[in-house]
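# Structural overview for review
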Amino acid sequence: MTNSPVSEHAPKIGDTRLLIDGERVDSADGATFAVYNPATGEEIAQVAEGKSEDIDRAVKAARRAFESGPWRDMKPKDRAAAIWRLGELLVENKEELGGLETLDNGKPFLQARDGDVPTAAGLFHYMSGWATKLEGTTIPISFPGQFHTFTRREAVGVVGLIVPWNFPLTISAWKVAPALAAGNTVVLKPSEVTPLTALRLGDLALEAGIPPGVLNVVPGFGADAGAALTAHPDVDKVSFTGSTATGRAIMQAATGNIKKLTLELGGKSPDIIMGDANLEAAIAGAADGIFYNQGEACAAGSRIYAHRSVYDEVVAGISAAANGINVGDGFDASSFIGPLVSKEHHAKVRSYVDLGREEGTVAAGGEYATDGGYFVNPTVFTDVTDQSRVVREEIFGPVVSIMPFDDTDEVIRRANDTRYGLSAGVWTESISTAHRMAEALRAGTVWVNCYGVFDAAMPFGGYKESGWGREMGGIVLNDYTETKTVCIKIGD
Ligand code: TXE
């Protein structure tokens, strides 16, 4: 691995202090916490640990920046230009940002540099265009000639953005880009497991001309910094991506000042291979749909339903794909999947691998590292039932269950039999089956003959316990703006 052609891309880790009001600062009590390289388990940095006092400082800075107007009152075209420039800076720094993501999260460097970073940049490019297009409407109310009524779209205010560790930079961009486009000011709290790219994002925002205090970045733990941000009386809105359990805690914490909330939570997404599917494409796509990013993806297609007529072929194909995946250090160019993100998460996924062995049959994988890095081999379970825990619960690792089905109504019912509703996949050559399934599946995104396609212009979010609201697309601006109705009397 040390001779790998990409190992030279491991970057130096720069300043790891908090970013508040445009300055890098220590936490109020001087506390720091360790972050680790999940490929080795070794500590790579000490990062300033934000706590409630630091969150309060950051919220005050964001409030000042909001009220005093350098951002909200900036000409929309200038705001757009700064956000666009931030996208450009991400692209210019993709080597460093991709390398930091690999060091911190473990994902393969080539995927981080050529996938995560350009995707994040794309969010800033796309959202910059909305800064000049937040239009209201004129409304013909029931009193002709007496009133002129219209709406305005205004920034919500200070927004708290809480992001997880699986796509640290990309999910930060999902939230920061529309928040800024709408004129809000931000306190961003990255995951304590992967804080490095969010801090660099904050530096680059300043370099792009986004004024101090508009984007503050406060790493810290969920129970402390995260809880303080969600309970803070001067935060107008919180957008969160993470587990459903934490989403519930955030809903409760937000009741104090009735914060607006966007929640993008867990998933247990079905990926359905119909009897008439192009099997080569379906097998490759479904394997990628679960194993990409080590299966640490909220949209991962972790329940594969294969029509009984193609079931054996699908099991053989996905198992072969699993066995063919190189698992290793993300800085090794041949690794398609890296280690899981942390010791704790590794322990969770390992326990599900052990459980699946009891609940079903291992068709591929089933092994994991027990020391050193947090590796788990891509694992395929068969002979499980719809009630098996590995089929019902979010594992968030490279672990998939494959189940046979006989007819379309049955598979729709089984696919929808989950508390989640984030995404779903369908593989079929029939246009009518494609449309029928797309309509019947209770999920925020349905991919047909593809899986895991994301774009800044495509809304993404969940039905049921997978969340509230949407990320991306023009629709997300609704969540970052207030609509003000203005009614002016113009006649009797
Ligand atoms: O998530 P948490 P964890 C799922 C996945 C994973 C499980 C646990 O199944 O195994 O969640 O992961 C912050 N108030 N997903 O424990 O706790 C925390 O600091 C405010 C799915 O890492 O949800 C981090 O920044 N904030 C998911 C963020 O919430 C709090 C992605 C996510 O952490 C908080 C990640 C609190 N009380 C995990 N507690 C997806 N939907 O993509 C924690 N946080």
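What counts, and where the lines are drawn
- Residues numbered from 1 in each chain as written.
- Predicted model: local features only at pLDDT ≥ 70, side-chain atom pairs only at ≥ 80, totals over all residues.
- Heavy atoms only, no water.
- Helix = DSSP H or I, 4+ residues; strand = E, 2+ residues; numbered from the N terminus.
- Buried < 20%, exposed > 50% of the residue type's maximum accessible area, 1.4 Å probe, protein only.
- Areas by Shrake-Rupley, 256 points an atom, 1.4 Å probe, with all protein chains shown as cover.
- Lys, Arg positive; Asp, Glu negative; His and termini not counted.
- Charge placed at Lys NZ, Arg CZ, Asp CG, Glu CD.
- Domains from an automatic or database assignment.
- Contact = heavy atoms within 4.5 Å.
- Buried area = accessible area lost by both parts, 1.4 Å probe.
- Salt bridge = Lys/Arg side-chain N within 4 Å of Asp/Glu carboxyl O.
- Polar contact = N/O pair within 3.5 Å; in protein donor to acceptor, adjacent residues only side chain to side chain.
- 1 Å grid on protein atoms, 1.4 Å probe; cavity = no way out; pocket = protein on both sides within 12 Å on 5 of 7 lines; lining within 4 Å.
- Points joined across faces, edges and corners; volume = space filled by probe spheres on them.
- Nonpolar A, V, L, I, M, F, W, Y, C, P; charged D, E, K, R; others polar.
- Pairing = 2+ DSSP bridges.
- Axes fitted to C-alpha atoms, helices over the stretch in contact; angles between N-to-C directions.
- Parallel < 35°, antiparallel > 145°, perpendicular 65-115°, else oblique.
- Left-handed = near helix turned anticlockwise from the far one by under 90°.
- Near = heavy atom within 4 Å.
- Sits in = over half its atoms within 2 Å of the grid points.
- Expected span 1.5 Å × (residues − 1).

## Topic: the overall build of the chain
Along its length, the chain carries 15 helices and 20 strands. C-alpha extents for the chain along the principal axes are approximately 75 × 60 × 40 Å. Within the chain, the fraction of its 492 residues that count as buried is 58%. When the accessible area of the chain is evaluated, it comes to approximately 18800 Å², of which 52% is carbon and sulfur surface. Of the side chains in the chain, 44 bear a positive and 64 a negative charge, and the two mean positions are spaced by 7 Å.

## As for the domain arrangement of the chain
It is common to report an interface's size as the accessible area lost on association of the parts. When the domains of the chain are assigned, the result is domain 1 (7-265 + 467-484) and domain 2 (270-455). Inter-centroid distance (C-alpha atoms) of domain 1 to domain 2 is 30 Å. Between domain 1 and domain 2, the contact holds 32 residues from the first and 30 residues from the second. Each partner contributes to the roughly 2300 Å² buried at the junction of domain 1 and domain 2, and carbon and sulfur atoms together form 62% of this total. For the pair domain 1 and domain 2, the number of links is zero salt bridges. Counting across the domain 1 and domain 2 interface gives six residue pairs in polar contact (both at pLDDT 80 or more). For the side of domain 1 that touches domain 2, the secondary structure elements donating two or more residues are α3 (94-105), α4 (109-130) and α8 (244-253).

## Things to note about the layout of surface pockets
Of the volumes computed, that of the largest pocket is approximately 1100 Å³. Surrounding the largest pocket, 44 residues form its lining, W165, S191, E192, V193 and T246 being those nearest its centre. Elements with a minimum of two residues in the lining of the largest pocket: β3 (32-37), α7 (222-231), β10 (237-241), α8 and α11 (343-359). At six residues, α8 tops the list of elements feeding residues into the lining of the largest pocket. Taken together, the residues of the lining of the largest pocket sort by class into 24 nonpolar, 13 polar and seven charged.

## Structural notes on the sheet that holds strand β12 (residues 270-273)
Spatially, seven strands are ordered β14-β15-β16-β13-β12-β17-β18 in an open sheet, and the strand pairing comes out mixed. What marks the edges here is a single partner per strand, and that holds for β14 (361-364) and β18 (445-448). On average, each strand axis in the sheet is inclined to that of its neighbour by 25 degrees, with strand direction left out of account. The pairing of β12 with strand β17 (residues 423-427) spans three bridges and is classified as parallel. Within β17, the residue paired with I273 across the bridge is W427.

## Some thoughts on unusual backbone geometry
The residue Q294 is not glycine, and still its phi comes out positive at about 60 degrees. Looking at Q294, the relative accessible area reads 0%, which means it is buried. Residues other than glycine seldom take positive phi values, yet F396 does so here, at roughly 65 degrees. As for its placement among the helices and strands, F396 is situated in the loop between α12 (389-392) and β16 (399-405).

## Digging into the packing of α3 against α4
For any two helices packed against each other, the geometry is given by the interaxial angle and the distance between the axes. Remark: α3 packs on α4, axes separated minimally by 8 Å, with the N-to-C direction vectors making an angle of 120 degrees. Between α3 and α4, the crossing angle belongs to the class labelled oblique. Our pair here, α3 against α4, has a crossing hand that is right-handed. Between α3 and α4, the contacting residues are K94, E95, L97, G98, G99, E101 and T102 on the first element and F109, A112, R113, D114, D116 and V117 on the second. Within the contact of α3 with α4, the residues separate by chemical class into four nonpolar, three polar and six charged.

## Quick look at the site of the ligand
Surveying the vicinity of the ligand reveals 25 residues, the closest of which are W165, E192, S243, K348 and E394. S243 is positioned with one of its backbone polar atoms (N or O) 2.7 Å from an oxygen atom of the ligand. K348 places a side-chain nitrogen or oxygen 2.6 Å from an oxygen atom of the ligand. In the complex, the protein chains occlude 84% of the 810 Å² of accessible area that the ligand would expose alone. At a threshold of 2 Å from the grid points, most atoms of the ligand map onto the largest pocket. Those elements that provide at least two residues to the shell around the ligand are α7, β10, α8 and α11. Looking at which element gives the most residues to the shell around the ligand, the answer is α7, with three residues. Here the shell around the ligand is composed, by residue class, of 11 nonpolar, nine polar and five charged. Two domains each put at least three residues into the shell around the ligand: domain 1 (7-265 + 467-484) and domain 2 (270-455).

## Describing helix α6 (residues 196-207)
Residues spaced three or four apart along an α-helix point in a common direction, a consequence of the helix completing one turn every 3.6 residues. Over its 12 residues, α6 runs 17 Å from end to end, which matches the ideal 16 Å to within 8%, given 1.5 Å per residue. Positive phi shows up at G209, right after α6, with a value of about 100 degrees.

## Considerations on the side chain of N166
Note on placement: N166 falls in the loop between β7 (158-162) and α5 (168-181). What makes N166 buried here is its relative accessible area of 3%. A distance of 3.2 Å separates the side chain of N166 from the backbone oxygen of E296, its partner in a polar contact. Residues within four places of N166 in sequence aside, it is in contact with N105, K107, I171, N293, E296, A297, C298 and F396.

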